[in-house]
Amino acid sequence: MVQQLRIYEIFEKNKAAFHARFRDHAARIMRTRYGFQIVAMWETKFGDRTEFAYLLEWPDEATKTSAWTAFMADAEWSEIKRVTHAEHGLMVGQIEDRLLVPVDYSPSRSLSHEFASEPRA
């Protein structure tokens, strides 16, 4: 199991439009078509910069890579980005993408092993 942390620079002038687009479109397409497991989402400030951060969970790096490739090629998502960009301007600035691989002493490693051994209801 690996996790992926994505951090987007977003802009105060169209922050509400960004959140609506992510909530109503990106997250829906990610989850229903490409198997994205979105664990959590946050808004944060870093200096004078507003950021949207979210955590994804993947069974392995290959699954992550293929899901992202498919999502980025999705025709509906491409059209949504085109329309919202035309209406609201640039909605995302810098993007940081980090693959989080737990170290052998991470509490999350033992937690994921416990969940993996439990029967699914």
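Definitions and limits used
- Counting from 1, residues in each chain are numbered in the order their sequence is written.
- Restriction of local features to residues with pLDDT of at least 70 applies here, the model being predicted, together with a cutoff of 80 or more for giving and counting side-chain atom pairs; totals for whole chains, interfaces and linings are based on all residues.
- To obtain the side-chain values, all non-hydrogen atoms of the structure were included, while hydrogens and water were left out.
- By definition, two strands form a pair when at least two bridges between them are found by DSSP.
- The way it works is that DSSP assigns letters per residue, a run of H or I at least four long becomes a helix, a run of E at least two long becomes a strand, and they are numbered from the N terminus.
- Angles shown run from 0 to 180 degrees and are taken between the N-to-C directions of axes, each axis being a line fitted to C-alpha atoms and, for helices, limited to the stretch in contact.
- Note on definitions: salt bridges are taken to be side-chain nitrogens of Lys or Arg within 4 Å of carboxyl oxygens of Asp or Glu.
- The classification of residues rests on relative accessible area computed with a 1.4 Å probe and restricted to protein chains. Under 20% of the type maximum is buried, over 50% is exposed, and intermediate values are partly exposed.
- The contact criterion used throughout is that any non-hydrogen atoms of two residues lie within 4.5 Å.
- Note on terminology: angles under 35 degrees are roughly parallel, angles over 145 are roughly antiparallel, angles of 65 to 115 are roughly perpendicular, and the others are oblique.
- The residue classification treats Ala, Val, Leu, Ile, Met, Phe, Trp, Tyr, Cys and Pro as nonpolar and Asp, Glu, Lys and Arg as charged. All others, Gly included, are polar.
- We define a polar contact as two N or O atoms separated by no more than 3.5 Å, with the added condition that, inside protein, one atom must be a possible hydrogen donor and the other a possible acceptor, whereas residues neighbouring each other in sequence contribute only through side-chain atom pairs.
- Confidence of the predictor in every single residue is expressed as pLDDT, which spans 0 to 100.

**Some words on the sheet that holds strand β2 (residues 37–46)**
Working step 1: With respect to topology, 4 strands assemble into an open sheet ordered β2-β3-β1-β4, the strand pairing being antiparallel. Both outer strands of the open sheet, β2 and β4 (95–100), are each paired with one neighbouring strand and no more. This sheet shows a mean twist of 15° between the axes of neighbouring strands, independent of strand direction.
Working step 2: Bridging between strand β1 (residues 2–10) and strand β3 (residues 49–58) involves 9 bridges; their strand directions are antiparallel.

**Some details on the pattern of salt bridges**
Working step 1: Enumeration according to the criterion identifies 12 salt bridges in this entry.
Working step 2: When the shortest N-O distance is used, the salt bridge between E12 and K45 registers 3.2 Å. Taken together, the residues E12 in the loop between β1 and α1 (15–34) and K45 in strand β2 connect sequence positions 33 residues apart.
Working step 3: Note on E12: relative accessible area 45%, which makes it partly exposed.
Working step 4: Accessibility expressed as a relative area gives 51% for K45, which makes it exposed.
Working step 5: Connected via shared salt-bridge partners are E12, K15, E43 and K45.

**Brief notes about the environment of G89**
Working step 1: Counting through the fold element by element, G89 comes out in the loop between α3 (75–88) and β4.
Working step 2: The sequence separation of G89 and N14 amounts to 75 residues, and the corresponding C-alpha distance is 7.9 Å.
Working step 3: Excluding residues that lie within four positions of it along the chain, G89 makes contacts with N14 and T84.

**Side note on the packing of α1 against α3**
Working step 1: α3 packs onto α1 with a crossing angle of 175° between their chain directions and a minimal axis gap of 11 Å. Viewed along their axes, α1 and α3 adopt a mutual orientation that is roughly antiparallel. Taken together, the residues of α3 that come into contact with α1 (itself represented by A17, R21, H25, A26, R28, I29 and R33) are E76, W77, I80, K81, T84 and H88.
Working step 2: Here the residues of the contact of α1 with α3 are counted per class, giving 5 nonpolar, 3 polar and 5 charged.

**Here we look at the environment of Y8**
Working step 1: Mapped onto the secondary structure, Y8 falls in strand β1.
Working step 2: Residues Y8 and E51, 43 residues apart in the sequence, show an inter-C-alpha distance of 5.4 Å.
Working step 3: When residues no more than four places from it in sequence are discounted, the contact partners of Y8 are F18, F22, T50, E51, F52, Y54, W68, V92, Q94 and I95.
Working step 4: Within the structure, Y8 has its side chain in polar contact with the side chain of R6 (distance 3.1 Å).

**Quick look at the confidence of the model for the protein chain**
Working step 1: On average, residues of the protein chain score 91 in pLDDT, and 89% of them reach the 70 mark or higher.
Working step 2: Counted against residues more than four places away or in other chains, residues 113–121, with its pLDDT under 50, gives 0 contacts.

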